[in-house]
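Next come the chains, spelled out residue by residue.
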Amino acid sequence: MRTNALFPPHPSWLPSAAAALFASASLAVAQPQDAGPHVVELDGYTLRANAVSSTSLPVEMTQKYGIDRDVNVGILNVVVQRGSDANAPTVPAAITASVEDAARRARPVEIRATVANQRVSYIGTFLVSRPGEVHDFALRVRPGDSDREYAVQFRDTLGLPRPTR
């Protein structure tokens, strides 16, 4: 698996076109949540991640990063910071990720690094079988200046309403 950078979830880390999109995301560890940015603090680092549908990004951004803008393409975004402040410096990290859909099919997410405004973030795309379905993410993260690897898990619906059955 490759190490990749994702669009940072905090507005000051993003190109202006995506700031509003990632401002609404949230992150969680080990205890899945359904949507939003997921934030986990571990040993002096803060991991921030979110997942969204590629259709929620502006066309200019998807073109810039070579992402298919399609209802069946999801985007995983991860950033690692030293400290807990939202404006803390980002740090390079080795990141691997996988996603499991509602049918329990697990797939790797290829992650790549991006740098904007002197901040590194990690992004990867994945297949969305059904818009709004729950996706379970598993991340392995090793900050570049640490010899420790962290496991982070969260659940997300990519900011879309769950499908009715």
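Quick note: structure is the one above.
We now turn to the structure provided with this report.

Conventions used here
- Residues numbered from 1 in each chain as written.
- Predicted model: local features only at pLDDT ≥ 70, side-chain atom pairs only at ≥ 80, totals over all residues.
- Heavy atoms only, no water.
- Core = buried A, V, L, I, M, F, W, Y, C linked by side-chain atoms within 4.5 Å.
- Buried < 20%, exposed > 50% of the residue type's maximum accessible area, 1.4 Å probe, protein only.
- Helix = DSSP H or I, 4+ residues; strand = E, 2+ residues; numbered from the N terminus.
- Contact = heavy atoms within 4.5 Å.
- Phe/Tyr/Trp six-rings, centres within 6.5 Å; stacked < 30°, edge-to-face > 60°.
- Pairing = 2+ DSSP bridges.
- Axes fitted to C-alpha atoms, helices over the stretch in contact; angles between N-to-C directions.

A word on the nonpolar core
Argument step 1. Formed by 26 residues in total, the largest nonpolar core has its most connected members in Leu76, Val80, Ile95, Phe126, Phe137 and Leu139.
Argument step 2. Contributions of two or more residues to this core are made by strand E2 (45–53), strand E3 (73–82), strand E4 (93–100), strand E7 (119–127), strand E8 (135–143) and strand E9 (150–156).
Argument step 3. For Phe126, the contacting residues outside a window of four places in its chain are Ala51, Asn72, Val73, Gly74, Ile75, Leu76, Val99, Val109, His135, Phe137 and Leu158.
Argument step 4. Counting residues in each nonpolar core, the second largest holds 8 residues, with Met61, Tyr65, Ile67 and Val73 among its members.

Thoughts on the environment of Val59
Argument step 1. The residue Val59 is located in helix H2 (residues 59–64) in this model.
Argument step 2. Classification of Val59 by relative accessible area gives partly exposed; the value is 39%.
Argument step 3. Sequence-wise, Val59 and Arg69 are 10 residues apart; in three dimensions their C-alpha atoms are separated by 7.2 Å.

Remarks on the environment of Gln118
Argument step 1. Along the chain, the position of Gln118 falls in the loop between strand E6 (111–116) and E7.
Argument step 2. The class for Gln118 is exposed, based on a relative accessible area of 79%.
Argument step 3. The spatial distance from the C-alpha of Gln118 to the C-alpha of Pro89 is 9.0 Å, given a sequence separation of 29 residues.

Description of the packing of aromatic side chains
When we look at a pair of aromatic rings, we describe it by the centre distance and by the angle of the planes.
Argument step 1. Scanning all chains against the criterion turns up 3 aromatic pairs.
Argument step 2. Judged by centre distance (5.2 Å) and plane angle (75°), the ring pair of Phe126 and Phe137 falls under edge-to-face. Of the two residues, Phe126 sits in strand E7 while Phe137 sits in strand E8, which places them 11 residues apart along the sequence.
Argument step 3. The buried category is assigned to Phe137, whose relative accessible area is 2%.
Argument step 4. Every member of this aromatic cluster is reached through a ring pair, and the members are Phe126, Phe137 and Phe154.

Thoughts on the side chain of Thr62
Argument step 1. Within the secondary structure layout, Thr62 lies in helix H2.
Argument step 2. Judged by its relative accessible area of 2%, Thr62 is buried.

Considerations on unusual backbone geometry
Argument step 1. Positive phi values are uncommon outside glycine, yet Arg104 reaches one of about 70°.
Argument step 2. Look at Gln118: it is not a glycine, yet its phi comes out positive at around 60°.

Points about the sheet that holds E7
Argument step 1. Reading across the sheet, the 5 strands line up as E1-E2-E3-E7-E6 and stay open at both edges, with antiparallel pairing between neighbours. With partners counted over all chains shown, the strands left at the sheet margins are strand E1 (38–42) and E6, one partner each. Averaged over neighbouring strand pairs, the angle between their axes works out to 25° when direction is ignored.

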